[in-house]
Amino acid sequence: MECQPCSIDAIQHLMDEYLQGLSSPFDSFLEEHILSSAFYVITDESGEIGYFAIHPNELLTQFYISRSSLMHAQAVFGQIMGQYAIKSLFVPTCDELLISLMLDNAFTANLQAYFFQDGRVYTEESSIRDHEVFRVANPDDLPQVQSTCGDFLDAYERRIANGEIFVYYRGADLLGIGIAEQSKLLPGTASIGMFVGEAFRKQGVGTAIIVALRQWCASRGIRPISGCWYYNEHSKKTLEKAGMVTRTRLLNVQTNQGAEGTEAEGIEA
């Protein structure tokens, strides 16, 4: 077996196989880590049999072996762990192979995040009241968005230009923002989320934003997904109240060289 650096384009066909084999989607947090990783193709005498990806700081974000070569998966995985001094892994529970390899090696799994999907219970009724406005943000909203949300997101100006940010106003008050970020890996999918201004929390604002984003996605044939830090119970309840459901977790898995994970997801209810 040999492992060689490559571009993501060079293994796109293998990544397509990987994505089609997942039992559920993952959100933009994991996607961003995957896309900023270094990719490697795995070959043997028959040709390409798989690939893997390593984020800076020895974090493995992907490992895939084609079905016809799965008998080599344990050996190749062990080789990669040692050769590249992997300290930790991001393991979504929708990835059966990576879950199995984690268990084979008795690695320590820390609960990192929930991944949510649309519960497919729809209503035509809007949670936005008559005297309120929910719309796509424009450049004029930038100062108030930055003031309200602080460092919740990066690159507000770019995100507004890309149509990823929505604003929710009651009169002149910005109650919060919604986010709908189109996936670069999962066609027809968008990660949705929200941030509510501190003065307007626990008033149903977060739920209203997520419901509005679900409706926006449904009207465009987009599959909404979302995520939140595992221990953020407020965000979890908000997403569930707004019709999102979860059966998938993201695990931050430590090898014997690893360290504790950090808070990863940032939905604020």
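Structure: see above.
No experiment lies behind these values; they were computed from the predicted model shown.

### Observations regarding the overall build of the protein chain
- Within the protein chain one finds 8 helices and 12 strands.
- Overall, the protein chain is about 65 × 35 × 35 Å in size when its C-alpha atoms are taken along their principal axes.
- Going through the 269 residues of the protein chain one by one, you find that 52% of them count as buried.
- Put simply, of all contacts in the protein chain between residues at least 6 apart along the chain, 70% involve residues at least 24 apart.
- For the protein chain, the accessible surface area stands at approximately 13000 Å², while carbon and sulfur atoms represent 48% of it.

### What about the environment of I11?
- As for its position among the elements, I11 is in the loop between β1 (2–6) and α1 (12–20).
- For I11 and F134, which are 123 residues apart along the polypeptide, the C-alpha to C-alpha distance reads 40 Å.
- Beyond its immediate stretch of four places on either side in the chain, I11 contacts C6, F39, V41 and Y51.

### Let's talk about the sheet that holds strand β5 (residues 88–92)
- One open sheet holds the 12 strands; their spatial order is β1-β2-β3-β4-β5-β12-β6-β11-β10-β9-β8-β7, and the pairing between them is mixed. The open sheet has two edge strands, β1 and β7 (132–136), and neither has a second partner. Taking each pair of neighbouring strands and ignoring which way they run, the sheet shows an average axis angle of 30°.
- Relative to strand β11 (residues 223–229), strand β6 (residues 108–118) runs antiparallel, the two sharing 5 bridges. Of the residues in β11, the one forming a bridge with F115 is G227.

### Focus on the pattern of salt bridges
- Under the counting rule described, the total for this entry stands at 8 salt bridges.
- Of the charged contacts in the structure, one is a salt bridge between E132 and R170, with a shortest N-O distance of 2.9 Å. Placement of the pair is E132 in strand β7 and R170 in strand β8 (residues 165–170), with a sequence separation of 38 residues.
- Residue classification places E132 among the buried positions, given a relative accessible area of 6%.
- Using a relative accessible area of 26% as the deciding quantity, one classes R170 as partly exposed.
- Several salt bridges share partner residues, and in doing so they unite D154, R159, E164 and E181 into one network.

### Side note on the pairing of β5
- Of all the 5 residues making up β5, 5 are buried; the element is thus mostly covered by neighbouring parts of the structure.
- One ladder, built from 2 bridges, connects strand β4 (residues 59–65) with β5; its direction is parallel. Its bridge partner lying in β5, L60 is registered against L89.
- Sheet topology places β5 next to strand β12 (residues 244–254); 5 bridges connect them, and they run antiparallel. Residue pairing across strands places P92 opposite L250, the latter belonging to β12.

### Examining helix α5 (residues 142–149)
- Residues of α5 that are buried: L142, V145 and C149. Considered in projection along α5, the buried side chains sweep an arc of 65° and stay on one side of the axis. Facing away from the buried surface of α5 by more than 90 degrees, the exposed residues are P143 and S147.
- In this structure, the buried residues of α5 make contact with α6 (156–161), β8, β9 (173–182) and β10 (189–196).
- Downstream of α5 by a residue or two, G150 has a phi angle that is positive, lying close to 55°.

### Notes on the packing of aromatic side chains
- In the structure shown here, the tally under the stated rule is 17 aromatic pairs.
- Ring plane angle 45° and centroid distance 4.8 Å describe the contact between F152 and F195, whose orientation is recorded as tilted. Remark: F195 occurs in strand β10 and F152 occurs in the loop between α5 and α6; sequence separation between them is 43 residues.
- By relative accessible area, which is 8% here, F195 ends up buried.
- Ring centres of F166 and W216 lie 5.2 Å apart, and the angle between their planes is 75°; this geometry places the pair in the edge-to-face category. In this pair, F166 is assigned in strand β8 and W216 in helix α7 (residues 205–219), connecting sequence segments 50 residues apart.

Rules and cut-offs
Residues numbered from 1 in each chain as written. Predicted model: local features only at pLDDT ≥ 70, side-chain atom pairs only at ≥ 80, totals over all residues. Heavy atoms only, no water. Helix = DSSP H or I, 4+ residues; strand = E, 2+ residues; numbered from the N terminus. Buried < 20%, exposed > 50% of the residue type's maximum accessible area, 1.4 Å probe, protein only. Contact = heavy atoms within 4.5 Å. Areas by Shrake-Rupley, 256 points an atom, 1.4 Å probe, with all protein chains shown as cover. Pairing = 2+ DSSP bridges. Axes fitted to C-alpha atoms, helices over the stretch in contact; angles between N-to-C directions. Salt bridge = Lys/Arg side-chain N within 4 Å of Asp/Glu carboxyl O. Arc of directions from axis to C-beta. Phe/Tyr/Trp six-rings, centres within 6.5 Å; stacked < 30°, edge-to-face > 60°.

So yeah, pure geometry; function would need other evidence.
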